[in-house]
There are 2 protein chains.
Amino acid sequence: MTTKEKLYEGKAKIIYPTDDERVYLTYYKDSATAFNAQKKGTITDKGKVNCAIASALLTYLEKKGIPTHFIEKVSEREMLVKAVKIIPLEVVIRNIAAGSLCRETGLPEGQILPQPLVEFYLKDDALQDPLLTPDRLALLNIATNEQIKQLQTLAKTINQHLIEFFKSCQITLVDFKLEFGLDHQNNILLADEISPDTCRLWDTQEQDKEKRVMDKDRFRKDLGEVESAYQKVLTRVLNQIEKLENS
Amino acid sequence: MTTKEKLYEGKAKIIYPTDDERVYLTYYKDSATAFNAQKKGTITDKGKVNCAIASALLTYLEKKGIPTHFIEKVSEREMLVKAVKIIPLEVVIRNIAAGSLCRETGLPEGQILPQPLVEFYLKDDALQDPLLTPDRLALLNIATNEQIKQLQTLAKTINQHLIEFFKSCQITLVDFKLEFGLDHQNNILLADEISPDTCRLWDTQEQDKEKRVMDKDRFRKDLGEVESAYQKVLTRVLNQIEKLENS
Ligand SMILES: Nc1ncnc2c1ncn2[C@@H]1O[C@H](COP(=O)(O)OP(=O)(O)O)[C@@H](O)[C@H]1O
Ligand SMILES: Nc1ncnc2c1ncn2[C@@H]1O[C@H](COP(=O)(O)OP(=O)(O)O)[C@@H](O)[C@H]1O
Ligand SMILES: [Mg+2]
Ligand SMILES: [Mg+2]
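Note that the structure is a prediction, hence the values are computed from the model and not measured.

Reading the values: the criteria
Residues numbered from 1 in each chain as written. Chains lettered and ligands numbered in written order. Predicted model: local features only at pLDDT ≥ 70, side-chain atom pairs only at ≥ 80, totals over all residues. Heavy atoms only, no water. Helix = DSSP H or I, 4+ residues; strand = E, 2+ residues; numbered from the N terminus. Rg over C-alpha atoms; globule rule 2.2 N^0.38 Å. Buried < 20%, exposed > 50% of the residue type's maximum accessible area, 1.4 Å probe, protein only. Pairing = 2+ DSSP bridges. Contact = heavy atoms within 4.5 Å. Axes fitted to C-alpha atoms, helices over the stretch in contact; angles between N-to-C directions. 1 Å grid on protein atoms, 1.4 Å probe; cavity = no way out; pocket = protein on both sides within 12 Å on 5 of 7 lines; lining within 4 Å. Points joined across faces, edges and corners; volume = space filled by probe spheres on them. Near = heavy atom within 4 Å. Polar contact = N/O pair within 3.5 Å; in protein donor to acceptor, adjacent residues only side chain to side chain. Areas by Shrake-Rupley, 256 points an atom, 1.4 Å probe, with all protein chains shown as cover. Nonpolar A, V, L, I, M, F, W, Y, C, P; charged D, E, K, R; others polar. Domains from an automatic or database assignment. UniProt positions renumbered as here; feature names shortened; annotations may be inferred. Buried area = accessible area lost by both parts, 1.4 Å probe. Salt bridge = Lys/Arg side-chain N within 4 Å of Asp/Glu carboxyl O.

Participant: Just to check I follow, could you spell out the overall build of chain A for this structure?
Facilitator: Across its full length, chain A holds six helices and 14 strands. In summary, chain A has a C-alpha radius of gyration of 17 Å against a globular reference of 18 Å for 247 residues, a match within 12%. With the C-alpha coordinates aligned to their principal axes, the bounding extent of chain A is approximately 50 × 45 × 40 Å. Counting across all 247 residues of chain A, residues that qualify as buried make up 54%.

Spelled out as structure tokens, the structure:
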């Protein structure tokens, strides 16, 4: 591991500089937070599991033509990524109503949305990551209209790829959060991670509303068996990747 | 006053039926609430003041060609209105950043918006009147796309009329909330009230950030002199109406 001082320590990862200023090293921790960090805990080996899942999914998306920050997985908990300036937005894509969408609008959990919903939240812990209407987003000057359109298109395309991928893992992709950044040439890259921390994943074969949960909601809602759920996602993802490589 | 049983008692008004099923009587109370009714109190004579202001402004808008529910002011606290089916949306029009827009986005209070912002909130106390993105609004099936467009157009037109009216009262119209309803022929009518309870009004001549406040924020933020601020708005509104009638 690098001996350099960390650049930034977040809730789930630590970012280190490398000898190449265009490359960062991301270290995946076991710490878990929920409800804007009001709830804190540890999920044993989460760092390893999420590093492996995110590496697999980012590689998969890159092969599908999505520009991502992923360079290489270099250890159990570490990946090299292209350094980007993160656009301070959480881009949430929803296929099925769950979480805050249900809490805020009264829509029943599990309702299939007529089309994927792309929502923008301001990535700002102090403001509690508020949902932004398109007008508020434009007012905040976080990104140009052109960039917003690109993010929307990228989000929808990524969603199609991930729905398909997870489907072949017998996993239903309910919703997920993406972060994007700008590289040194101002290209938009998919950054951060894709993992059970950032996706809602339901076991497609399981009907029971608690048992089907394979993501951080197990931690949020104290459903137990958090570690084994994450592990199960990893196993299915890696099996599917292997299948694809051998086909 | 009618002797009939009330149809509905809200936080600020009571709705009574009349002998004509297409007409309701609205009684304006002195009770005041804020923060989704967590804060409760009384503003002496608010009922009288708001009934008079709302009557004046709804009459003014009706003359400008806006379809409203207003029929007639029949006593100090009562007005007759056309019975409508309220569309459960709070349509908020913002000219200057204030209130929840600032709290949620970090925009500085007082920042003049490049253009009026029309926002839709779900009128649902249990859900705490959540802000709706256009996509969420469409998902909830509260109104047709055509109706939403009409609401937006009406809101902007009403805003232009009210900005102009309040300007001649030396009052800056910061933001305000409207409710609309459908009459027996499914026409959209402006309903409910327009008053210092539902508008942010700043004394245009006053620079001091607390002294300039002439609306329910005096109650929300415990700024004192609530009654006299409401009274001042009433006096200026009635003076301006008189001026217009004599010109
Ligand atoms: N390629 C990248 N370049 C720069 N920063 C990144 C990159 N990928 C992710 N980040 C940022 O790294 C930080 C660490 O991740 P995380 O622990 O999830 O933090 P947070 O608590 O802010 O969500 C996040 O702020 C994330 O936006
Ligand atoms: N013309 C109308 N016909 C039917 N209902 C109306 C009309 N105008 C206003 N209302 C409704 O009357 C109710 C009473 O007002 P208010 O005390 O402000 O209630 P609330 O606490 O629900 O805001 C509100 O729900 C409002 O939507
Ligand atoms: Mg994060
Ligand atoms: Mg009301």
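Let us keep going from here.
Participant: Is there a simple way to explain the sheet that holds strand E6 (residues 70-75) of chain B in this structure?
Facilitator: One key point about sheets: their strands pair by backbone hydrogen bonds, in either a parallel or an antiparallel sense. All names here are of chain B. Spatial strand order, E1-E2-E3-E7-E6: five strands in an open sheet with antiparallel pairing. Each having just a single partner strand, strand E1 (8-9) and E6 make up the two edges of the open sheet. In terms of strand pairing, strand E3 (residues 23-28) meets strand E7 (residues 78-82) through five bridges, oriented antiparallel. Looking at E7, one finds that Thr-26 is bridged to Met-79. Along the sheet, helix H1 (residues 46-63) makes contact with E3, E6 and E7, crossing E6 at roughly 150°.

Participant: It is not clear to me how the layout of surface pockets should be interpreted in this structure. Could you clarify?
Facilitator: Remark: the empty space left among the atoms is shown by a probe the size of a water molecule rolled over them. By volume, the second largest pocket amounts to about 440 Å³. At the level of elements, strand E10 (112-122), helix H3 (134-139) and helix H4 (145-167) of chain A together with helix H3 (134-139) of chain B are the ones that each hand at least two residues to the lining of the second largest pocket. Looking at which element gives the most residues to the lining of the second largest pocket, the answer is E10(A), with eight residues.

Participant: For this particular structure, what's the right way to read the site of ligand 2?
Facilitator: Residue and element names in this part refer to chain B. Among the 16 residues in the neighbourhood of ligand 2, the closest are listed as Lys-11, Ala-12, Lys-13, His-69 and Glu-179. Between ligand 2 and Val-84, the relevant distance is 3.2 Å, taken from a nitrogen atom to a main-chain nitrogen or oxygen of the residue. Here an oxygen atom of ligand 2 and a side-chain polar atom of Glu-179 are 2.6 Å apart. Protein contacts shield 90% of the accessible area of ligand 2, which totals 550 Å² for the unbound molecule. Contributions of two or more residues to the shell around ligand 2 are made by strand E2 (13-17) and E7. Residues belonging to the shell around ligand 2 are distributed by class as follows: eight nonpolar, two polar and six charged. Shared between two domains, the shell around ligand 2 takes at least three residues from each, and those domains are domain 1 (8-82) and domain 2 (85-226).

Participant: Explain the site of ligand 1 here, please?
Facilitator: All names here are of chain A. Close contacts around ligand 1 come from 17 residues, with Lys-11, Ala-12, Lys-13, His-69 and Glu-179 the closest. Ala-12 has a polar backbone atom sitting 2.7 Å from an oxygen atom of ligand 1. At 3.1 Å from a nitrogen atom of ligand 1 is found a main-chain nitrogen or oxygen belonging to Val-84. Burial of ligand 1 by the surrounding chains reaches 90%, relative to a free accessible area of 550 Å². Of all elements in the fold, only strand E2 (13-17) and strand E7 (78-82) reach the threshold of two or more residues within the shell around ligand 1. If you count residues domain by domain, the shell around ligand 1 takes at least three from each of domain 1 (8-82) and domain 2 (85-226).

Participant: Is there a simple way to think about the UniProt feature "domain: SAICAR synthetase/ADE2 N-terminal" (unreviewed entry) in chain A in this case?
Facilitator: Feature annotation in UniProt assigns "domain: SAICAR synthetase/ADE2 N-terminal" (unreviewed entry) to the following positions: residues 6-236 of chain A. Across residues 6-236 of chain A, the secondary structure splits into 29% helix and 32% strand, with the terminal C-alpha atoms separated by 33 Å.

Participant: Where do I start with the domain arrangement of chain A in this structure?
Facilitator: Many authors give the size of an interface as the accessible area that is lost as the parts come together. All names here are of chain A. The domain boundaries assigned to chain A delineate domain 1 (8-82) and domain 2 (85-226). A C-alpha centroid distance of 17 Å is found between domain 1 and domain 2. Listed by partner, the interface residues are 28 residues for domain 1 and 27 residues for domain 2. Contact between domain 1 and domain 2 buries roughly 2,500 Å² in total, counting both sides, with carbon and sulfur atoms accounting for 63%. The closest approach of N and O atoms between Asp-125 and Lys-11, which form a salt bridge, is 3.3 Å.

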